[in-house]
Amino acid sequence: MAIDVLRAASDEQVIDLLRAIEDKLYETGTLVSVTGNPEADVTIEFRQVIVGGKPVVALAVQVTTDQPFESTSAHWDPLRHFVIEKYASLQCALPEPVRERLLDCPGPLVLVNGTRIS
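All of the points below concern the structure found in this document. (Residues numbered from 1 in each chain as written. Predicted model: local features only at pLDDT ≥ 70, side-chain atom pairs only at ≥ 80, totals over all residues. Heavy atoms only, no water.)

1. Focus on the nonpolar core
Going by this rule: Residues enter a nonpolar core if they are buried and are Ala, Val, Leu, Ile, Met, Phe, Trp, Tyr or Cys, with the set joined through side-chain atoms within 4.5 Å. Partly exposed describes any residue whose relative accessible area lies between the buried limit of under 20% and the exposed limit of over 50%, with all areas from a 1.4 Å probe on protein chains only and scaled to the type maximum. Each helix is a run of DSSP H or I of at least 4 residues and each strand a run of E of at least 2, with the numbering of both proceeding from the N terminus. By the convention used here, residues are in contact when the closest approach between their heavy atoms is within 4.5 Å.
Counting residues in each nonpolar core, the largest one holds 30 residues, and the members touching the most others are L18, I44, F46, L79, Y87 and L102. Sorting the residues of this core by element identifies α1 (2-9), α2 (12-28), α3 (30-35), β1 (41-51), β2 (54-64), α4 (77-90), α5 (96-102) and β3 (109-112) as the ones contributing at least two each. Ignoring sequence-local partners within four residues, the contact set of L79 consists of L25, T30, L31, V34, V61, V63 and V110.

2. Some points on the sheet that holds β2
In plain terms, the rule: Strand pairing is assigned whenever DSSP identifies at least 2 bridges connecting the two strands. Interaxial angles span 0 to 180 degrees and are taken between N-to-C directions of axes, which are lines fitted to C-alpha atoms, for helices over the stretch in contact.
Strand order in the open sheet formed by four strands is β1-β2-β3-β4, and the pairing between neighbours is mixed. Strands at the two margins of the open sheet, each flanked by one partner only, are β1 and β4 (115-116). One ladder, built from 11 bridges, connects β1 with β2; its direction is antiparallel. Residue pairing in the sheet places T43 in a bridge with Q62 of β2. Packed on one face of the sheet, α2 meets β1 and β2 and runs near 125° to β1. Strand contacts of α4: β1, β2 and β3, with the helix running at about 115° to β2, the strand carrying the most contacts.

The following block contains the structure:
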């Protein structure tokens, strides 16, 4: 099953949708608001991670910043909620088989400079 999920996650339409969400994070200033850094970078992708000791495919938001950052999960909630909201509203444009394979993926998990925050 993980192969099917990974294949769905690598669908060109999924990648385009996730890039559109990244663009909105920059355009709206949400990324800067959360990081406090106008030079911060974000990448959103479905990737294999360990959750509860098991490998699963999850929606991951990877933030890179050269500034000190808040490591509490609640601080990153605006970013998580933004990604959830945008993904929920845009996923209807995905082909049904792809969308269905990604429905059970956890996330978004937020990683800052490689450290999982939430």
